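Given next are the chains, with one letter for each unit.
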Amino acid sequence: KEETLVELSHSKMGYVIYVDKEMYDIVKDDETDRIVAKNQGEGLPEVFMEITQILDKAPNAVAANIENQLKEEYPIVENRGQVSDPINGILIRATTGQEWDSKVAVYYLVDNTKGGTFVIKQQYFFEAAEGHGARFYHMLKEFQIVEEE
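On a predicted model such as this, the values are computed, not experimentally measured, just so you know.

Conventions we followed
Residues numbered from 1 in each chain as written. Predicted model: local features only at pLDDT ≥ 70, side-chain atom pairs only at ≥ 80, totals over all residues. Heavy atoms only, no water. Helix = DSSP H or I, 4+ residues; strand = E, 2+ residues; numbered from the N terminus. Contact = heavy atoms within 4.5 Å. Pairing = 2+ DSSP bridges. Axes fitted to C-alpha atoms, helices over the stretch in contact; angles between N-to-C directions.

J.: Hey, could you run me through the environment of Ile90 in this one?
T.: Relative to the elements of secondary structure, Ile90 occurs in strand β7 (residues 89-95). Counting along the chain gives 31 residues from Ile90 to Pro59, while the straight-line C-alpha distance between them is 7.1 Å. Dropping the residues within four chain positions of it, Ile90 is found in contact with Pro59, Asn60, Ala63, Asn79, Gly81, Gln82, Tyr107, Tyr108 and Leu109.

J.: Whenever I open this one, the sheet that holds strand β6 (residues 76-83) confuses me. Can you help?
T.: Neighbouring strands of a sheet are bound in pairs by backbone hydrogen bonds; such pairs are parallel or else antiparallel. Pairing is antiparallel across the open sheet formed by seven strands, whose spatial order is β3-β4-β5-β9-β8-β7-β6. Of all strands in the sheet, those with a lone pairing partner are β3 (24-28) and β6, marking the two edges. Adjacent strand axes in the sheet meet at a mean angle of 15° when their direction is disregarded. As paired strands, β3 and strand β4 (residues 33-37) are joined by five bridges and run antiparallel to one another. Across the sheet, residue Tyr24 finds its bridge partner in β4, namely Ala37. With respect to the sheet, helix α1 (residues 59-73) is in contact with β5 (48-54), β6, β7, β8 (103-111) and β9 (117-125), its orientation differing from that of β8 by roughly 170°.

In C-alpha cells, the structure reads:
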C-alpha cells in the first residue's frame, strides 16, 4: 500500500478514471487516451495504458481480432475470457517471454453499453508488473462509464 496523488480524468469517449499524476501523464487525441509513464526506461518496452473505443463491435467480436493480432507479435498469448476484477470485461494477455525485460501486453475489452467496446491496452515490461502493472490495475478498478453531456 502506498499513498498516491490521483486526479479524476474525464474522457469525451464517455468514461472517467482516476490517474496517478505523480507517475503518469495523460495524452489525448481524437481517438485515443494514453496514460503514459513519466519515466520510461531506456531500451525497455514503453510503459502506458491506452484507451480507445470501437463503436460498432461487441467485446466478443473484438476479442478474436485482437487475439489474432497478438499471436503474430507475441509467442505467448492467453485469452482468459470474461473477468470481473479489476473490471468487467474480456481479458487477453500476451508476453514475449519470462525475462525481466520481456514485453507484456494486457487487454481488457469492456462493453460500452451502446453496442460497442472500450479497448484498454496496458503495456509494460515483465519486471514492472508489480509496479506499473499494479498501478494500472488500481486505476482500472476506478474506471466508470458515464453519460456524455
